[in-house]
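Letter by letter, the chains look like this.
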Amino acid sequence: KNTMLTVESIVAATGMAGVDVMWAELEKAAGKTADRELQCTAAEMVAGIVRASHSFGAAEQESLRTRLASLLTATLGAVTPDSVACWSEMLRYIAANRDPRRFQWLAQIVLSLSDNISDDTGGGALSLVSLLHPCSSNLSSPSPCSRSLVGVMSWCCSSWWVRVRV
């Protein structure tokens, strides 16, 4: 958690310049899918970057989302059961006390992984995605109650998924 807070502070103070400086190390850590410690480091870096990016302008946020989308698609598609808890913590930290509508781009990345997962190899991920898919349209709902329900359901499903995968 210290890495998340440190990265968040650095990016909040330096903006995209701080992200650019850390990006090579983030890619290196995320690319080592067999190394649990590096996966945890990558997840914490992503969490800090995303949390700090709320103060970026619209163009910078879009640029960052594009960069993170390709990194996360590759990394989350190859994540090992040992690293699932790290990435789950990253998602929890990113979403804590934030409007879930801000994370539709991240939900779409997770939902797009269902194209690459089958019942035999998914370890429960296919079930998670199939449960969350009908809820994805409610993420943009103006009703706080609807968004809260989606958040609770997502948390329940991801907690179940972590237990199945680990």
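Residues numbered from 1 in each chain as written. Predicted model: local features only at pLDDT ≥ 70, side-chain atom pairs only at ≥ 80, totals over all residues. Heavy atoms only, no water.

1. Digging into helix H2 (residues 16–31)
The terminal C-alpha atoms of H2, which comprises 16 residues, lie 21 Å apart, in line with the 22 Å expected from a rise of 1.5 Å per residue. Approximately 45° is the largest bend angle found in H2, and it occurs at Met-22. Met-16, Gly-18, Val-19, Met-22, Trp-23, Leu-26, Ala-29 and Ala-30 are the residues of H2 that are buried. Buried residues in H2 make contact with helix H1 (2–14), helix H3 (36–52) and helix H4 (58–77). (Helix = DSSP H or I, 4+ residues; strand = E, 2+ residues; numbered from the N terminus. Expected span 1.5 Å × (residues − 1). Bend = angle between axes of the 7 residues up to and from the residue. Buried < 20%, exposed > 50% of the residue type's maximum accessible area, 1.4 Å probe, protein only. Contact = heavy atoms within 4.5 Å.)

2. A word on the nonpolar core
Counting residues in hydrophobic clusters, the biggest one holds 37 residues, and the most contacted among them are Val-11, Leu-26, Val-46, Leu-68, Leu-72, Trp-87 and Trp-105. Counting only elements with at least two residues in this core, the list comes to H1, H2, H3, H4, helix H5 (84–95) and helix H6 (104–112). Here this core takes nine residues from H3, the largest share from any one element. Trp-105 has contacts with Val-50, Arg-65, Leu-68 and Leu-72, leaving out every residue within four places of it along the chain. (Core = buried A, V, L, I, M, F, W, Y, C linked by side-chain atoms within 4.5 Å.)

3. Notes on the pattern of salt bridges
Inspection of the entire model under this criterion finds four salt bridges. Note that Lys-28 is salt-bridged to Glu-25, the shortest N-O span being 3.2 Å. You can see Lys-28 and its partner Glu-25 sitting in helix H2, three residues apart, about one turn around the helix. The exposure class of Lys-28 is partly exposed, given its relative accessible area of 48%. A salt bridge links Arg-36 to Glu-37; the shortest N-O distance between them is 3.6 Å. Given the relative accessible area of 36%, Arg-36 is considered partly exposed. (Salt bridge = Lys/Arg side-chain N within 4 Å of Asp/Glu carboxyl O.)

Purely spatial values, then, with no claim about function.
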